[in-house]
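Residues per chain are reported as follows:
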Amino acid sequence: MSSDLSDFSLIELFRLEAEGQLAALNSGLLALESESDPATIEPMMRAAHSLKGAARIVGMTEAERVAHVLEDIFVATQTGRVRLDPEQIDTLLKGVDLIGEIAALDDSGLPAWSRENAERVDGAIARITAIERGPAAALKTEDDTETTPDQSAKKVAGRRVRPRSKRVKPSDQAEPVEPPLGPVGIEPIDAVSAPHSRPPAAVEFQPVPIEPATGPSIETSDRVVRVSAENLNRLMGLAGESLVEARRLRPIVDGIGELRAGLGELWQDLVRLDDATQRGRDTNPDEIAAHAAEARRDVRRSLDDLAERMDRLESHARRGEDLAERLHFEVISSRLRPLTDGTRGFPRLVRDVARQLGKQVRFDIEGGATGVDRDILDKLEAPITHLIRNALDHAIEPPEERAAAGKAAQALIRLEARHVAGMLQIVLTDDGRGIDVERIRAKVVERGHANTTMAAQLTDAELLEFLFLPGFSTKHEVTDLSGRGVGLDVVQSVAQAVGGSVRVTTRLGRGTSFALLLPITLSVIRALLVRIGGEPYAFPLGRIDRILKVRREEVEVIEGRRFFRLDDRAIGLVSAAQVFDRATAAALEGVLPVVVVSDRSQVFGVVVDSVLGELDLDVRPLDPRLGKVPNINSVSILEDGWPVLIIDVEDLVRSVDNLLGGRRALSLAEAAAASSRVKRNRRVLVVDDSITVRELERHLLEARGYEVEVAVDGLDGWNTVRGGRYDLVVSDVDMPRMDGIQLVTQIKQDARLRSIPVVIVSYKDRAEDRLRGLEAGADAYLTKGSFHDETFLTTVEDLIGAASE
Amino acid sequence: MSQDVLDDAADERTRAFFDRPPPEGYLEEWTERLAAPDDPPEPDVRSLLIFRLGAEWLALPTAQLSEVTSPQPIHSVPHRSNEGLLGLVNIRGQIRLCVSLHHVLGVDPAATSRRVTPPRMIILQDHGEQWVFPVDEVTRAVRLSGSVLRPAPSTLRSGINHTRTVFQWSGRTIGELVLDRLLESLRGLRS
């Protein structure tokens, strides 16, 4: 990813973060006006602190300075040195507004604004600093701003972060900057807002999480998402309909009551008839006939009644199902955003890179209005960027070469999106030189993935699969743009992470096409329902290889490990109850229901109690209070009301691997993959409560090929680090719930985790802060300034080496 | 709305209905009632829900209870071995954490007294924080004045405990749980 693009998204991220933090400051200050409670000051301190750091990263020096003095005041207030009166709170609120104003500025408008408003900013800062020094100091002149020392001068220089990546920066800097590529659902805020304007109104309604314990739930439930008004109207219509429909059931239930009464009468008839026959000879035959006739009549009536009720019940059921389906569809579509929301940066990317390479390329998007789940859309940007770069760099020929091949000088890269059979298909096609499968075949042999005989038998499709192996690149020379070992495997892992797949087709000399097949939504998955330890669990269907019944006698044992044979492969068997730490149900006997799961290098058979069937589940997140539960990634509800846990297959495969002590069933392709697995990319966990910093670190690390996961605070980080395997943890110090020092301390006290190196990256650059971090056990202590040069990345490489050997 | 309702005659009838004068004395009565000062609030009255755990009778403030429901199936959470954390339950389509108050308060679940009503689940809600716990029986909510509360026996006042006061109700001694302490203990359960 070019530094330009990451800058764009960083500013957007900053804007997003500022929105939340400013809202917290606003409502915090308002609350402070009514009562001075230390509990309200603490979150404001954090908000100002985070704003300061985030503003520094995006180069909004003025916002950084204002946030800095605000933070000072809050610190002073918390320690009791300063008591705020309404007038002073007013001053602080104006400072908050000023930051809001800066954050709302259009990217290109910032320099002009800074020039025009320098005095106003200095004035506001002076007034805020004056509060701390008490009434006497309030009269001092405005240029007396000692709380912002040389920092301002230092930072004006680097208006934006420019990670000194070796990649080429495609854009011409003198050019006017286009509207930034925004994350989903966030539009650039209009720059022409009035001075002293409040942040957008919607923000003001967000409550500040005051009690730390309620923090997480409030944060998640208050996440604002964009839903079209039309969509919401239809939802309301459906809600109304379902209310009416639900009430229609009542008369049917009453009718069944009547039916029951009718059957009661019939019972009476039969009893009378029975009595009459019992009396034997002296019974009048007419009497029996009369009773029988009555019984027949009652049966008739009940049957008619029943038929009518059933008709009504059936039409109710039909309407109910239809309604539920429409409601479901509507809710799903409320989560969809048009693909173009995530592709705004691509035309620019293609133009810039093509120009730099001296190639002529046209870029078309088809089906830009295709709905994509917002969660998926977020994840698509990186892999598509990657594919486009690949196409530009490797596939598209220079104009002369194209002309020689009889092709138009201008090449075409086309991005198409459509819904196919309930899946989202995204196809990136180029009309470049295509991929030479014979070269792949040669490389497969050269790399020792297969011998010559075997390689000769591989089909084109099988050969193309090798492109997705980490580090398997057909381009010999490493260029600035691509081919750095961060390859198509990244694209594949993104697709797989959301339950999709990638397929590549190519014609030599004619072009290549990558097709990503992804679920339309992440919120509903097709799943296989199984029972484990007597309770329901679900496997996402897309992540299952096979479902089998294995007979007891087919199970073999070597060195105490059970396995069975499937297509000439030995597949290790493990009991799901054992993996999930549940009481083992019945001993393995008779026919074992087995779910076969795999990741790129391993295949396992998981024995479950029973397989219950296939169904759609709407996925909900696990309660954040539980932290990361191993092998589980989400939860849903079954028709009968039972909660069901949805299995994280990737995690499960890792756990099984651990359980079996790393013994795996290996086949040819698996062996190849396994050998590349040794070279798997190193994984880094980034823990920071500021989304701006988090994403910056992620961008920097991912550009170097590291796999990055993020956690939003210390506690989240602690849960995450325990739940996965990481080669390195990068943590901030000041975070809610658990700070970085505590996190480091806990990691270093844990027997299993203590060997993981931890890098602290903080704004605090005093010697005692550094000492505190290192004493807690951190392996390195960096300041956030280290992003501006190579220090951060060099430190990471020193500690754990390059992303992959 | 169908067409016939909107025809002119119906329209007129509707208007006549809604615009009819109020009955005699109606306005006066309501003016008087709304102008009257509010009844002074009873001092220190609290509303408590009484429930049973094992052999113990306890009470929690109703303001913090969002629902009492029939028992729902509890799905255990793998790798979370804390006995107090029972698992996940479905409460009206929302997945909630279910905990064992028996475990938190050290009540023997086996000890039962004569059951009058079926077991229930109580949903505790405080500032967006929700906990669900099964109880053996819920009797009713009561309103009582703070003056009937007595300090809990001194044996309960040492160490960590959740009951500060007790009261008599229907011939039983009922312990009033201190919400904050209870929440604190519940939060301690999660990992």
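To start, this report covers the structure provided alongside it. All figures in this text were calculated on a predicted structure; none of them were measured in a lab.

1. What to know about the overall build of chain A
Right, on to step 1. Helix and strand counts for chain A come out as 25 helices and 23 strands.
Right, on to step 2. Evaluated residue by residue, chain A yields a buried proportion of 50% over its 805 residues.
Right, on to step 3. The long-range share in chain A, meaning contacts at least 24 apart out of those at least 6 apart in sequence, stands at 71%.
Right, on to step 4. Only carbon and sulfur atoms are counted for the fraction: they give 53% of the accessible area of chain A, which is about 37,900 Å².

2. Regarding the environment of Pro151 of chain B
Residue and element names in this part refer to chain B.
Right, on to step 1. On the secondary structure map, Pro151 appears in strand 10 (residues 150-151).
Right, on to step 2. Exposure remark for Pro151: the relative accessible area of 57% places this residue in the exposed category.
Right, on to step 3. Separated by 15 residues in sequence, Pro151 and Val166 have C-alpha atoms that sit 6.1 Å apart.

3. A word on the pairing of strand 4 (residues 411-420) of chain A
Residue and element names in this part refer to chain A.
Right, on to step 1. Direction of pairing for strand 2 (residues 361-366) relative to strand 4: parallel, over a ladder of six bridges. Among the inter-strand pairings, Ile365 is bridged to a residue of strand 4, identified as Leu415.
Right, on to step 2. The pairing of strand 4 with strand 5 (residues 423-430) spans eight bridges and is classified as antiparallel. Along strand 5, the bridge assignment pairs His419 with Leu424.
Right, on to step 3. The hairpin formed by strand 4 and strand 5 contains two residues between the paired strands, and Ala421 there has a positive phi angle of roughly 45°.

4. What about the environment of Ala455 of chain A?
Residues and elements named next belong to chain A.
Right, on to step 1. With respect to the helices and strands, Ala455 occurs in helix 15 (residues 452-457).
Right, on to step 2. The buried category is assigned to Ala455, whose relative accessible area is 1%.
Right, on to step 3. On a C-alpha basis, the gap between Ala455 and Lys443 in space is 9.7 Å, while along the polypeptide they are twelve residues apart.
Right, on to step 4. Other than its neighbours up to four places away in sequence, Ala455 contacts Arg441, Val445 and Ala450.

5. Things to note about the pattern of salt bridges
Residue and element names in this part refer to chain A.
Right, on to step 1. If you walk through the whole model with that rule in mind, you get 52 salt bridges over all chains.
Right, on to step 2. Put simply, Glu650 and Arg543 hold a salt bridge, and the shortest N to O gap is 3.0 Å. Of this pair, Glu650 sits in helix 19 (residues 649-659) while Arg543 sits in the loop between strand 9 (535-540) and strand 10 (544-551); the two residues are 107 residues apart in sequence, bridging distant segments of the chain.
Right, on to step 3. Look at Arg543 and you get buried, because its relative accessible area is 14%.
Right, on to step 4. Of the charged contacts in the structure, one is a salt bridge between Arg551 and Glu553, with a shortest N-O distance of 3.2 Å.
Right, on to step 5. Arg551 sits in the partly exposed class, given a relative accessible area of 42%.
Right, on to step 6. Through salt bridges with shared partners, one network takes in Glu258, Asp305, Glu308, Arg309 and Arg312.

6. Comments concerning the interface of chain B and chain A
It is common to give the size of an interface as the accessible area lost on bringing the parts into contact.
Right, on to step 1. Contacts between the two partners involve 24 residues from chain B, matched on the other side by 31 residues from chain A.
Right, on to step 2. Between chain B and chain A the total buried area reaches about 2,400 Å² when both faces are included, carbon and sulfur atoms providing 60% of it.
Right, on to step 3. It is His75, Pro78 and His79 of chain B that lose the most area in chain B upon contact with chain A, and together they represent 28% of the buried surface on that side.
Right, on to step 4. On inspection of chain B and its partner chain A, the count reaches seven residue pairs in polar contact (both at pLDDT 80 or more).
Right, on to step 5. Listing elements by their share of the side of chain B that touches chain A, those giving two or more residues are strand 4 (74-75), strand 5 (85-91), strand 6 (94-99) and strand 8 (129-135) of chain B.
Right, on to step 6. If one sorts the elements of the side of chain B that touches chain A by residue count, strand 5 of chain B sits on top with four residues.
Right, on to step 7. Within the side of chain B that touches chain A, the residues separate by chemical class into ten nonpolar, nine polar and five charged.

7. Structural notes on the sheet that holds strand 4 of chain A
Residue and element names in this part refer to chain A.
Right, on to step 1. Read from one edge of the open sheet, five strands run 2-4-5-7-6, paired in mixed fashion. At either margin of the open sheet sits one strand with a lone partner, and together these are strand 2 and strand 6 (501-507). Taking the axes of each pair of neighbouring strands and ignoring which way they run, one obtains an average angle of 15° across the sheet.
Right, on to step 2. Pairing geometry for strand 6 and strand 7 (residues 511-519), over seven bridges, is antiparallel. Across the sheet, Thr505 pairs through a bridge with Ser513, a residue of strand 7.

8. Side note on the nonpolar core
Right, on to step 1. Core analysis: the biggest nonpolar cluster contains 69 residues, and Leu70, Phe74 and Phe792 of chain A have the highest contact counts within it.
Right, on to step 2. Counting residues in each nonpolar core, the second largest holds 56 residues, with Leu622, Ile637 and Leu652 of chain A together with Leu65 of chain B among its members.

9. Quick word on the sheet that holds strand 13 (residues 569-575) of chain A
All names here are of chain A.
Right, on to step 1. Across the sheet, six strands lie side by side as 10-14-15-13-12-11; this open sheet has mixed pairing. The outermost strands of the open sheet, each flanked by one partner alone, are strand 10 and strand 11 (556-558). Averaged over all pairs of adjacent strands, the angle between strand axes in this sheet comes to 40°, irrespective of strand direction.
Right, on to step 2. Inspection of the sheet shows strand 13 paired to strand 15 (residues 603-607) by four bridges, in the parallel sense. Note that in strand 15 the partner of Val574 across the bridge is Val606.
Right, on to step 3. Packed on one face of the sheet, helix 19 meets strand 12 (561-566), strand 13, strand 14 (591-598) and strand 15 and runs near 110° to strand 14.

10. Re the packing of helix 21 (residues 691-703) of chain A against helix 25 (residues 791-800) of chain A
Helix packing geometry: the angle between the two helix axes and the distance between the axes.
Residues and elements named next belong to chain A.
Right, on to step 1. At their nearest, the axes of helix 21 and helix 25 sit 11 Å apart, and the two run at 60° to each other. Between helix 21 and helix 25, the angle falls in the class oblique. Helix-helix and strand crossings are classified by hand; for helix 21 and helix 25 the assignment is right-handed. Contacts from Glu697, Leu700 and Leu701 in helix 21 reach Phe792, Leu793 and Val796 in helix 25.
Right, on to step 2. Per-class residue counts for the contact of helix 21 with helix 25 are five nonpolar, no polar and one charged.

11. Quick notes on unusual backbone geometry
Right, on to step 1. Look at Asn631 of chain A: it is not a glycine, yet its phi comes out positive at around 70°.
Right, on to step 2. The backbone phi angle of Arg92 of chain B is positive, close to 50°, even though this residue is not glycine.
Right, on to step 3. Tracing the backbone shows Arg92 of chain B in the loop between strand 5 and strand 6.

Cut-offs and rules
Residues numbered from 1 in each chain as written. Chains lettered and ligands numbered in written order. Predicted model: local features only at pLDDT ≥ 70, side-chain atom pairs only at ≥ 80, totals over all residues. Heavy atoms only, no water. Helix = DSSP H or I, 4+ residues; strand = E, 2+ residues; numbered from the N terminus. Buried < 20%, exposed > 50% of the residue type's maximum accessible area, 1.4 Å probe, protein only. Contact = heavy atoms within 4.5 Å. Areas by Shrake-Rupley, 256 points an atom, 1.4 Å probe, with all protein chains shown as cover. Pairing = 2+ DSSP bridges. Salt bridge = Lys/Arg side-chain N within 4 Å of Asp/Glu carboxyl O. Buried area = accessible area lost by both parts, 1.4 Å probe. Polar contact = N/O pair within 3.5 Å; in protein donor to acceptor, adjacent residues only side chain to side chain. Nonpolar A, V, L, I, M, F, W, Y, C, P; charged D, E, K, R; others polar. Axes fitted to C-alpha atoms, helices over the stretch in contact; angles between N-to-C directions. Core = buried A, V, L, I, M, F, W, Y, C linked by side-chain atoms within 4.5 Å. Parallel < 35°, antiparallel > 145°, perpendicular 65-115°, else oblique. Left-handed = near helix turned anticlockwise from the far one by under 90°.

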